[in-house]
There are 2 protein chains.
Amino acid sequence: MRSLARPRVVIIGAGFGGRSAARALRTVPVDVTIIDRTNHHLFQPLLYQVATATLAPSDITAPIRWLLRRQRNASVLLADATHIDVERRVVRVDREPYELPYDYLVLAAGSRHAYFGHEDWEPFAPGLKSLADAVEIRRRFLLAFERAEWARDPIERDAWQTIVIIGGGPTGVELAGMIPDITRRALRPDFRAIDSARTRVLLLEGGPRLLPNFPEQLSARTRADLADLGVEVRTGAVVTNVTADSVHIGAEIIRTHTVIWAAGNAASPLTRSLATPLDDVGRVPVQPDLSVAAHPEIFAIGDLAAVIQDGKPVPGVAQGGIQMGTSAAKNIARDLAGKPRVAFHYFDKGNLATIGRNRAVADFGSITFAGFPAWILWVFLHILYLAGFRNRASVLIEWAYAYFTYQRGARLLTEAEPHARGARPSTAPGG
Amino acid sequence: MRSLARPRVVIIGAGFGGRSAARALRTVPVDVTIIDRTNHHLFQPLLYQVATATLAPSDITAPIRWLLRRQRNASVLLADATHIDVERRVVRVDREPYELPYDYLVLAAGSRHAYFGHEDWEPFAPGLKSLADAVEIRRRFLLAFERAEWARDPIERDAWQTIVIIGGGPTGVELAGMIPDITRRALRPDFRAIDSARTRVLLLEGGPRLLPNFPEQLSARTRADLADLGVEVRTGAVVTNVTADSVHIGAEIIRTHTVIWAAGNAASPLTRSLATPLDDVGRVPVQPDLSVAAHPEIFAIGDLAAVIQDGKPVPGVAQGGIQMGTSAAKNIARDLAGKPRVAFHYFDKGNLATIGRNRAVADFGSITFAGFPAWILWVFLHILYLAGFRNRASVLIEWAYAYFTYQRGARLLTEAEPHARGARPSTAPGG
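The rules we used
- Residues numbered from 1 in each chain as written.
- Chains lettered and ligands numbered in written order.
- Predicted model: local features only at pLDDT ≥ 70, side-chain atom pairs only at ≥ 80, totals over all residues.
- pLDDT = per-residue confidence, 0-100.
- Contact = placed C-beta atoms within 7 Å.
- Buried ≥ 20, exposed ≤ 12 C-beta atoms within 10 Å, placed from the backbone.
- Axes fitted to C-alpha atoms, helices over the stretch in contact; angles between N-to-C directions.
- Helix = DSSP H or I, 4+ residues; strand = E, 2+ residues; numbered from the N terminus.
- Left-handed = near helix turned anticlockwise from the far one by under 90°.
- Nonpolar A, V, L, I, M, F, W, Y, C, P; charged D, E, K, R; others polar.
- Domains from an automatic or database assignment.
- Pairing = 2+ DSSP bridges.
- Expected span 1.5 Å × (residues − 1).
- Core = buried A, V, L, I, M, F, W, Y, C linked by C-beta atoms within 7 Å.
- Arc of directions from axis to C-beta.

Observations regarding the confidence of the model for chain A
Residues and elements named next belong to chain A.
Then, in step 1: Confidence in the prediction for chain A averages 91 pLDDT; 94% of positions are at 70 or higher.
Then, in step 2: Segment residues 416-431 is flagged for pLDDT under 50; beyond a separation of four residues in sequence, or across chains, it makes 45 contacts in the model.
Then, in step 3: Predicted complex metrics record ipTM = 0.88 and pTM = 0.91.

Digging into unusual backbone geometry
Residues and elements named next belong to chain A.
Then, in step 1: The omega angle of the peptide bond from Glu-96 to Pro-97 is 5°, so this bond is cis rather than trans.
Then, in step 2: If you check the backbone angles, Leu-211 has positive phi at about 40° while not being a glycine.
Then, in step 3: We classify Leu-211 as buried; it has 24 C-beta atoms within 10 Å.
Then, in step 4: Phi is positive for Asn-358, which is not a glycine, with a value near 75°.

So, the packing of helix 1 (residues 16-24) of chain A against helix 8 (residues 318-336) of chain A
Residue and element names in this part refer to chain A.
Then, in step 1: Axis separation between helix 1 and helix 8 bottoms out at 7 Å; the angle between their running directions is 35°. When the axes of helix 1 and helix 8 are compared, the crossing they make is right-handed. Packed against helix 1, whose contacting residues are Phe-16, Gly-17, Gly-18, Arg-19, Ser-20, Ala-21 and Ala-24, the element helix 8 presents Ala-318, Gly-321, Ile-322, Met-324, Gly-325, Thr-326, Ala-328, Ala-329 and Lys-330 at the interface.
Then, in step 2: Among the residues forming the contact of helix 1 with helix 8, the class breakdown is eight nonpolar, six polar and two charged.

Looking at the domain arrangement of chain A
Residues and elements named next belong to chain A.
Then, in step 1: Domain boundaries in chain A define domain 1 (8-113 + 265-336) and domain 2 (119-263).
Then, in step 2: The distance between the C-alpha centroids of domain 1 and domain 2 comes to 32 Å.
Then, in step 3: Across the contact, 12 residues belong to domain 1 and 18 residues belong to domain 2.
Then, in step 4: If you list the elements that add at least two residues to the side of domain 1 that touches domain 2, you get helix 2 (47-51) and strand 10 (111-113).
Then, in step 5: The leading source of residues in the side of domain 1 that touches domain 2 is helix 2, at four residues.

Things to note about the environment of Ala-263 of chain B
Then, in step 1: As for its placement among the helices and strands, Ala-263 of chain B is situated in the loop between strand 17 (258-261) and strand 18 (265-267).
Then, in step 2: For Ala-263 of chain B, the contacting residues outside a window of four places in its chain are Ile-166 and Gly-167 of chain B.

A few points about the sheet that holds strand 16 (residues 252-255) of chain B
To summarise the sheet geometry, strands pair through backbone hydrogen bonds and adopt either a parallel or an antiparallel arrangement.
Residues and elements named next belong to chain B.
Then, in step 1: Strand order across the open sheet formed by three strands is 14-15-16, with antiparallel pairing between neighbours. The outermost strands of the open sheet, each flanked by one partner alone, are strand 14 (241-243) and strand 16. Looking at each pair of strands side by side, their axes are set apart by 15° on average, direction ignored.
Then, in step 2: Summarising the sheet, strand 15 (residues 246-249) and strand 16 pair through four bridges and their orientation is antiparallel. By the bridge assignment, Ser-246 is partnered in strand 16 with Arg-255.

Focus on helix 6 (residues 170-186) of chain A
Then, in step 1: With 17 residues, helix 6 of chain A extends 23 Å between its outermost C-alpha atoms, agreeing within 8% with the 24 Å of an ideal straight helix rising 1.5 Å per residue.
Then, in step 2: Among the 17 residues of helix 6 of chain A, 13 are classified as buried, and the element is accordingly described as predominantly covered.

A short note on the sheet that holds strand 20 (residues 291-292) of chain A
Residues and elements named next belong to chain A.
Then, in step 1: Taken in spatial order, the six strands make up an open sheet running 5-2-1-9-21-20, and their pairing is mixed. Two strands lie at the open edges of the sheet, namely strand 5 (74-78) and strand 20, each paired on one side alone.
Then, in step 2: Of the pairings in the sheet, the one linking strand 9 (residues 104-107) to strand 21 (residues 295-300) comprises three bridges and is parallel in character. Paired with Val-106 across the bridge in strand 21 is Phe-299.

Examining the nonpolar core
Then, in step 1: If you look at the biggest cluster of nonpolar residues, it comprises 203 residues, and the most contacted ones within it are Val-106, Leu-107 and Ala-300 of chain A.
Then, in step 2: Considering each element in turn, this core owes the most residues, 11 residues, to helix 4 (residues 131-150) of chain B.
Then, in step 3: Setting aside residues up to four positions removed in sequence, Leu-107 of chain A forms contacts with Ile-12, Leu-270, Ile-298, Phe-299, Ala-300 and Leu-304 of chain A.
Then, in step 4: Core analysis: the next-biggest nonpolar cluster, separate from the first, contains 53 residues, Ala-21, Ile-84, Tyr-102 and Val-307 of chain B among them.

A closer look at helix 9 (residues 372-385) of chain B
Residues and elements named next belong to chain B.
Then, in step 1: If you check helix 9, its first and last C-alpha atoms are 20 Å apart, about what 14 residues at 1.5 Å a residue would give, namely 20 Å.
Then, in step 2: Those residues of helix 9 lying buried are Ala-374, Trp-375 and Trp-378. Viewed end-on, helix 9 has its buried residues packed into an arc of 100°, placing them on one side of the element. Opposite the packed face of helix 9, turned more than 90 degrees from it, sit the exposed residues Phe-372, Pro-373, Ile-376, Phe-380 and Leu-384.

Focus on the pairing of strand 9 (residues 104-107) of chain B
Residue and element names in this part refer to chain B.
Then, in step 1: Side chains of strand 9 alternate between two faces, with Tyr-104 and Val-106 and Leu-105 and Leu-107 buried alike.
Then, in step 2: In the sheet, strand 1 (residues 8-12) pairs with strand 9 via four bridges, with the strands oriented parallel. Note that in strand 9 the partner of Val-10 across the bridge is Leu-105.

This is the structure:
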């Protein structure tokens, strides 16, 4: 496997998994190339705060090149990886150099939200995975109040003042918990014809409880906390249709123009080029060392890898990606040093989810707690883990501002709706 | 002109002019509606800092509603004004309520960059007027280095490392002065195959000198300062063609993929619906009280108004817009109080332009100065005038960070190039 030159490691994706793999290869005698379709590492756990206009896009991102600026064995390629040729050991990308040969491949391309046979809902119920998604949701969220303010028909006005979030996992819960604070305080003085505090927020979950990965008593607490904030939580609510102006739950029709999809993910379609059987959401089943069957030179990590430990799947969260990236890098180093590979072991550091201001739920296995202490812990940990000192300072200021003034700093609509842009030149999505 | 209800004042545009008119009508017994196609007031003098990835879009914007939240006689409409029916006294907009009747109209819709018969250059040489423009220029600027890094052909690589700015007014000078600092310091550790410090920056001006509105000795100083930073300044350089990979100056062809247009503006096309003769760039000649001939109920202000004072045109800058907005509002109040109108008088507070870090030129009529003192004054005044305390604090931090670390905080590319987005859902421009 080793050529005369240093082995080439190609990493697809600069999320938590890819970034941690690249970093862990810092001192290993390999040449690393990390491919991403954006130029930044995204701190995804705070993406919902961009979607709700609390943080600005640049607060939760750091340029990948900047993060790797001192790692001389790493280079960065801004491109779309379109195919993996496992026979020739080459990754195809959509621009120069078109093909990148590898000795080792770390596939960390992540997942996208998925509609599982209802792809026609996507235009009406966007999901929240990338920064562009968050900016689009922010646009719809802010625009809804602008439309409500000028709607003459009261039924239309109510539809603009109804926000439906589909999916009761952490993303759905965190989004739903954030909105009442904004509609009741930040936006209220801004409008003349409507009372933004009267906005109806619905959180729909198909299963029996919110946060299914948390212990049951925390699900119950989360539900109570959300209800306290005025969010209508519905469990066992299976969505049967989504249109431009409604969400259907069986025979019940909820009129709304603002729907957010937080109900499901599917692995990057790149997994299909591995010619290995995938699970039902497109994830790659991996060996104990995270490599792909019959391809010890390919590692699949992060939320596109299906890793089972103690009979349970390892969740697709940041800490899973980070640990898998380090593990894959370590096994590459061990290969080169002639040592046997070691199996990956996931260490669950615990789970946290916030519910608006001052409230959160925390699950550390044997210890669970909720309320203000959990929220303080959440704030502390997120500031600690934010990539790069500068973002950290900036986020602290934004949060302090939002906390003490109830205002939101990033309430930005750059253009009117696309169809209304008239004479404007076409523009690319921004940040 | 007065109905039984309170007179309705419609203001088109929430820039410096529109915002100042709305504010000055605070205590006047009228109902004010301000129409804008975005939801924010933009601090345009710092737009070039967004284009060069120094400031984030939300640093230089404040929601219009938020700025007017305590002004109970003002409401805001996010829409595109498409036509003014001067006979029926109605503004048509592209959505509900479709028509807005007015008793007074303040037209403050500003201008767009213009190519004067060369509109086909626009896709290759975007201008810098709106936030969406700035984000697009930032995208091209950052992308150029990504492409240079992976270009195999040295001629192509050089083309990606050549940036041409067309137009030697304040925007062109400020953009050109900012770039060397970024290419020599902030970006340099990020690249492996290229040396970002070797980037060629050209500033092309068709006339005989830079900053034609400033005294001649400051133009000379500006040119010397830019040359000192490594910018190639060419005066008398009339651009004859712009293509996807070149700029032509007569027979000379400069190979480049990154061109910024800072060479000319034309007033909003809305001025055409006034049925009054316009000047050669579409501006409205106004009466001494800023009203439009034969329409005392319509005021034209800001850079779409052609105002001559002491034989010289009043420049289309922020202070002009602000003063005109106040003056128009004052004359509306005087009408309602049965007093005669007063003529507008422009008070020139002076002009400043920065040239990179630590340098600027300042023109206060009898006093002119340059260098570090002018730069400090520039920083102080811009922080002072920035709309809203929060932005001010945030900008101060970004500037301090950029100044002391030579880094740039907002180096954000949200997506790969539009044509390469593949499976991504369509997204609207963001902030």
